[in-house]
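# Topology and contacts: notes
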Amino acid sequence: MQASTPHEPTEVTPVVNVEDVMQQVAEHKGCGTSGGSGKASCGSAAGQGDLPTEIWEKVKNHPCYSEEAHHHYARMHVAVAPACNIQCNYCNRKYDCANESRPGVVSEKLTPEQAAKKVLAVASTIPQMTVLGIAGPGDPLANPEKTFKTFELIAKTAPDIKLCLSTNGLALPDHVDTIARFNVDHVTITINMVDPEIGAKIYPWVFWNHKRYTGVEAAKILTDHQMRGLEMLTERGILCKVNSVMIPGVNDKHLVEVNRAVKSRGAFLHNIMPLISAPEHGTVFGLTGQRGPTAQELKALQDSCEGEMNMMRHCRQCRADAVGLLGEDRSAEFTTDKIMAMEVNYDLDTRKAYQAKVEEERLAKVTAKQEELSTLAGEMSDIKLLVAVATKGSGLINEHFGHAKEFQIYELSTSGAKFVGHRRVDLYCQGGYGEEDSLETIIRAINDCHAVFVAKIGGCPKADLLKAGIEPVDQFAHEFIEKSAIGWFKSYLDKVNGGEIEHIQRGDAEIRQGALISAA
Amino acid sequence: MPLKIISSNCTSCSACEPECPNVAIFEKGGTFVINPKKCTECIGHFDAPQCAAVCPIEDTCVIDDSVPRYQAPA
């Protein structure tokens with residue numbers, strides 16, 4: 001085994017400058033215009049022209065890698081990898097509920113052949129489906145034959161679909177070359193620590209080289225393999241995202257160190273997610289009463305890491321068999337029984353035409369944001385505040401307050417509207433929150449926001465929101481989110497400056513822990 | 001002959017199947033079972049029974065007391 005000083009960041013020279021890549025993704029305006037100036041950007045500093053085409057192609061349509069792309073492009077996971085080689089205190093392999101949406105959970109396992117059929121069926125039904133991931137419900141690389149067989153079948157039948165996988169990293173060094181050979185262009189590694197002492201509190205054991213290791217020894221093996229695997233991916237030019245679960249009191253402060261360690265090894269995006277630990281899931285953390293972070297604790301950690309590298313904030317912590325846009329699970333439409341009976345007509349041209357239309361829509365949205373942003377030019381204020389938005393997608397304020405299952409959160413300041421997360425407000429499938437409680441649930445979830453943007457809202461909730469200090473805003477119904485938010489913020493600043501209202505800081509908010517109901 | 005899988009605990013994750021040096025584990029009726037005629041408790045192969053070491057649910061791959069313990073060939 002490779003002797004290691006794994007925690008000394010060994011600088012790996014990435015094949016591409018990932019910071020440039022992410023900057024381009026963040027600022028993507030499509031090939032054609034560049035921001036407010038409206039001049040052509042192909043080949044200029046503001047567009048795709050500065051990027052190697054193959055890198056651009058890798059990131060621009062991936063909903064899990066770009067918060068901008070996730071409104072337009074969909075992904076699916078196929079649950080071909082049930083086995084796992086480590087045990088995590090936030091996971092319980094016995095739990096399965098069709099209404100539950102979180103990693104590690106799946107309703108039915110698929111063979112590679114069934115998975116390939118399912119991908120074709122979904123891609124034909126949902127033309128914006130561009131990405132196929134294998135994320136479990138165990139670990140893809142603890143099931144290498146099933147995982148790579150699935151990739152092989154899909155590469156043959158649907159060559160335009162991007163392949164990715166999500167792993168705990170224990171077996172990663174053994175499989176990096178195979179991953180490269182199958183043209184898997186995105187890998188996610190879940191890294192919760194780089195200090196084995198902390199790891200011992202998260203992982204009771206790992207199974208490695210025919211042996212079960214426990215405690216600090218187990219965590220040491222895991223972190224060594226994760227760091228080496230990440231370095232090997234970077235050396236081969238495979239884009240790597242790092243997921244971390246924020247566990248207050250265990251690794252919350254330590255994740256800043258994790259952030260530095262993975263950045264120095266070439267990871268291009270860091271996704272810090274809140275711990276899910278409801279007692280009814282039966283996980284170790286659920287049973288010991290380990291709490292998850294509050295909305296503001298999570299945001300503060302993400303903000304503190306952001307100077308170091310790009311942070312992902314739109315993760316929906318989806319199931320290992322999720323289908324559709326993030327936050328909109330359509331897996332129930334594609335059960336094995338249904339897909340086996342489906343007539344599948346994989347029409348590459350139709351898919352391409354649809355995706356071209358999406359690119360147009362995407363461009364319109366970004367242009368609208370740029371126009372409105374220019375109106376903030378010259379405004380001087382230290383005020384930063386959060387607003388919640390009810391949306392069904394397409395970057396529009398197009399959801400009724402009462403129908404929203406989640407709200408998107410934007411931070412507004414004189415530099416514009418920045419997406420900083422989302423809040424679930426759907427009801428529990430067990431336990432029964434009644435109608436009368438749902439408004440309270442929503443207020444708790446967006447309590448740190450100054451306003452909530454909706455397409456429509458009834459009189460009663462409007463009054464209750466105002467009482468809670470949250471302004472309901474329905475005047476921008478069916479308009480672009482960022483443009484509207486910037487417009488609203490400008491008038492808010494005007495009112496503050498004019499002495500009409502006083503700016504008051506808001507309190508903290510709750511992160512919902514329960515099951516996601518996949519309502520029809 | 002000695003290990004068995006408690007089927008009510010088995011999540012059917014299949015982790016044990018490829019680890020068995022005797023190819024004694026197979027899927028049957030939605031969970032995994034061990035062919036007692038093939039199981040050697042991993043004696044002569046590994047320090048510990050592999051199915052029990054990799055199983056995510058404690059006390060699921062256990063010694064089957066209803067049959068005699070495996071005797072390694074002399």
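Remember, it's a predicted structure, so these values are computed and weren't measured experimentally. (Residues numbered from 1 in each chain as written. Chains lettered and ligands numbered in written order. Predicted model: local features only at pLDDT ≥ 70, side-chain atom pairs only at ≥ 80, totals over all residues.)

## A few points about the overall build of chain A
Within chain A, the secondary structure is distributed over 15 helices and 16 strands. Going through the 520 residues of chain A one by one, you find that 52% of them count as buried. Of the contacts formed within chain A by residues at least 6 apart in sequence, a portion of 72% connects residues at least 24 apart. (Helix = DSSP H or I, 4+ residues; strand = E, 2+ residues; numbered from the N terminus. Buried ≥ 20, exposed ≤ 12 C-beta atoms within 10 Å, placed from the backbone. Contact = placed C-beta atoms within 7 Å.)

## A look at the confidence of the model for chain A
Residues and elements named next belong to chain A. Averaged over all residues, the pLDDT of chain A equals 80, while 77% of them reach at least 70. Mean pLDDT per element in chain A: helix 1 (residues 18-26) is the minimum at 45, and helix 6 (residues 196-199) is the maximum at 98. In the predicted structure, residues 1-52 sits below a pLDDT of 50 and forms 84 contacts with residues beyond four places in sequence or in another chain. Throughout residues 427-436 the model reports pLDDT below 50, and contacts reaching past four residues in sequence, or to other chains, amount to twelve contacts. (pLDDT = per-residue confidence, 0-100.)

## Some words on the sheet that holds strand 7 (residues 211-214) of chain A
Residue and element names in this part refer to chain A. Spatially, three strands are ordered 2-6-7 in an open sheet, and the strand pairing comes out antiparallel. Two strands close off the open sheet at either side, each with one partner strand: strand 2 (86-87) and strand 7. Sheet analysis places strand 6 (residues 205-208) next to strand 7, joined by four bridges and oriented antiparallel. Bridging across to strand 7, Trp-205 finds its partner in Thr-214. Helix-sheet contacts for helix 7 (residues 215-235) involve strand 2, strand 6 and strand 7, and the interaxial angle to strand 7 is about 110°. (Pairing = 2+ DSSP bridges. Axes fitted to C-alpha atoms, helices over the stretch in contact; angles between N-to-C directions.)

## Section: the confidence of the model for chain B
Mean pLDDT over chain B stands at 89; residues scoring 70 or higher make up 93%. In the predicted assembly, ipTM is 0.91 and pTM is 0.79.

## Here's the deal with the domain arrangement of chain A
The domain boundaries assigned to chain A delineate domain 1 (72-341) and domain 2 (364-497). Just the C-alpha atoms count here: the centres of domain 1 of chain A and domain 2 of chain A sit 30 Å apart. (Domains from an automatic or database assignment.)

## Some words on the sheet that holds strand 14 (residues 416-424) of chain A
Residues and elements named next belong to chain A. The strand order 14-13-12-15-16 describes an open sheet built from five strands, whose pairing is mixed. Each of the sheet's edge strands pairs with one partner strand only, and the pair in question is strand 14 and strand 16 (471-473). Strand after strand, the sheet turns through a mean of 25° between neighbouring axes, direction not considered. Bridge count for strand 15 (residues 449-453) against strand 16 is three bridges, and the pairing is parallel. Note on strand 16: the bridge partner recorded for Phe-453 is Val-473. Across the sheet, helix 15 (residues 481-497) touches strand 12 (385-389), strand 13 (406-413), strand 14, strand 15 and strand 16, and the angle it forms with strand 14 is around 110°.

## Topic: the pairing of strand 14 of chain A
Residue and element names in this part refer to chain A. Here strand 13 runs beside strand 14; their pairing, made up of eight bridges, is antiparallel. The residue of strand 14 that forms the bridge with Tyr-410 is Phe-419. What sits between strand 13 and strand 14 in their antiparallel hairpin is a turn of two residues.

## Side note on the nonpolar core
Residue and element names in this part refer to chain A. Among the nonpolar cores identified, the biggest contains 147 residues, and Val-119, Val-387 and Val-452 are the most heavily contacted of them. Counting the residues that make up this core, at least three belong to each of domain 1 (72-341) and domain 2 (364-497). In contact with Val-119, other than residues within four places in its own chain, are Met-76, Val-78, Leu-132, Ile-154, Ala-158 and Ile-161. (Core = buried A, V, L, I, M, F, W, Y, C linked by C-beta atoms within 7 Å.)

## Quick word on helix 12 (residues 348-375) of chain A
Residues and elements named next belong to chain A. Counted at 1.5 Å a residue, the expected span for helix 12 with its 28 residues is 40 Å, and the 42 Å between its end C-alpha atoms agrees. Listing the buried residues of helix 12 in full gives Arg-351, Arg-362, Lys-365, Lys-369 and Glu-372. Looking at the buried residues of helix 12, the elements they touch are helix 3 (112-125) and helix 15. (Expected span 1.5 Å × (residues − 1).)

## Focus: the pairing of strand 6 of chain A
Residues in a regular strand project their side chains so that they alternate between the two faces of the sheet. Residue and element names in this part refer to chain A. Where strand 2 meets strand 6, two bridges bridge the pair, whose relative direction is antiparallel. Of the residues in strand 6, the one forming a bridge with Gln-87 is Trp-205. In this antiparallel pair of consecutive strands, strand 6 and strand 7, the connection spans two residues, and Asn-209 shows a positive phi of 55°.

## Thoughts on the packing of helix 3 of chain A against helix 4 (residues 144-157) of chain A
Residue and element names in this part refer to chain A. The N-to-C vectors of helix 3 and helix 4 enclose an angle of 40°; their axes lie 9 Å apart at closest approach. Viewed along their axes, helix 3 and helix 4 form a crossing whose handedness is right-handed. Facing Pro-112, Glu-113, Ala-115, Ala-116, Val-119 and Leu-120 of helix 3, the residues of helix 4 in contact are Lys-146, Lys-149, Thr-150, Leu-153, Ile-154 and Thr-157. Along the lines of polarity and charge, the residues of the contact of helix 3 with helix 4 split into seven nonpolar, two polar and three charged. (Left-handed = near helix turned anticlockwise from the far one by under 90°. Nonpolar A, V, L, I, M, F, W, Y, C, P; charged D, E, K, R; others polar.)

## So, the environment of Glu-372 of chain A
Residue and element names in this part refer to chain A. Inspection of the secondary structure assignment puts Glu-372 in helix 12. Between the alpha carbons of Glu-372 and Ala-180 there is a distance of 43 Å; along the sequence they are 192 residues apart. Contacts of Glu-372, omitting those with residues within four sequence positions, involve Lys-483, Ile-486 and Gly-487.

## Quick notes on helix 3 of chain A
The end-to-end C-alpha distance of helix 3 of chain A is 20 Å, a good match for the 20 Å that 14 residues give at a rise of 1.5 Å each. Burial analysis of helix 3 of chain A places ten of its 14 residues in the buried class, which makes it a mostly covered element.

## Brief notes about the environment of Met-193 of chain A
Among the secondary structure elements, Met-193 of chain A is positioned in the loop between strand 5 (186-190) and helix 6. Excluding residues within four positions of it along the chain, Met-193 of chain A makes contact with Ile-198, Gly-199, Ile-202, Ala-219, Thr-223, Asn-251, His-254 and Val-258 of chain A.

## Here we look at the packing of helix 5 (residues 172-181) of chain A against helix 7 of chain A
All names here are of chain A. Where helix 5 meets helix 7, the closest approach of the two axes is 8 Å, and the angle between their N-to-C directions is 20°. As the angle between them shows, helix 5 and helix 7 are arranged roughly parallel. Note that helix 5 runs across helix 7; the crossing there is right-handed. Here helix 5 contributes Leu-172, Pro-173 and Val-176 to the contact with helix 7, which in turn contributes His-225, Arg-228, Gly-229, Met-232 and Leu-233. Looking at the contact of helix 5 with helix 7 residue by residue, the class counts come to five nonpolar, two polar and one charged. (Parallel < 35°, antiparallel > 145°, perpendicular 65-115°, else oblique.)

## A closer look at unusual backbone geometry
It is generally the case that most residues other than glycine have a negative phi and that most peptide bonds are trans. We note that His-210 of chain A has phi near 65°; this positive angle belongs to a residue other than glycine. Positionally, His-210 of chain A belongs in the loop between strand 6 and strand 7. At Asp-59 of chain B, a residue that is not glycine, the phi angle is positive and equals roughly 55°. One can find Asp-59 of chain B in the loop between helix 2 (50-54) and strand 4 (61-63).

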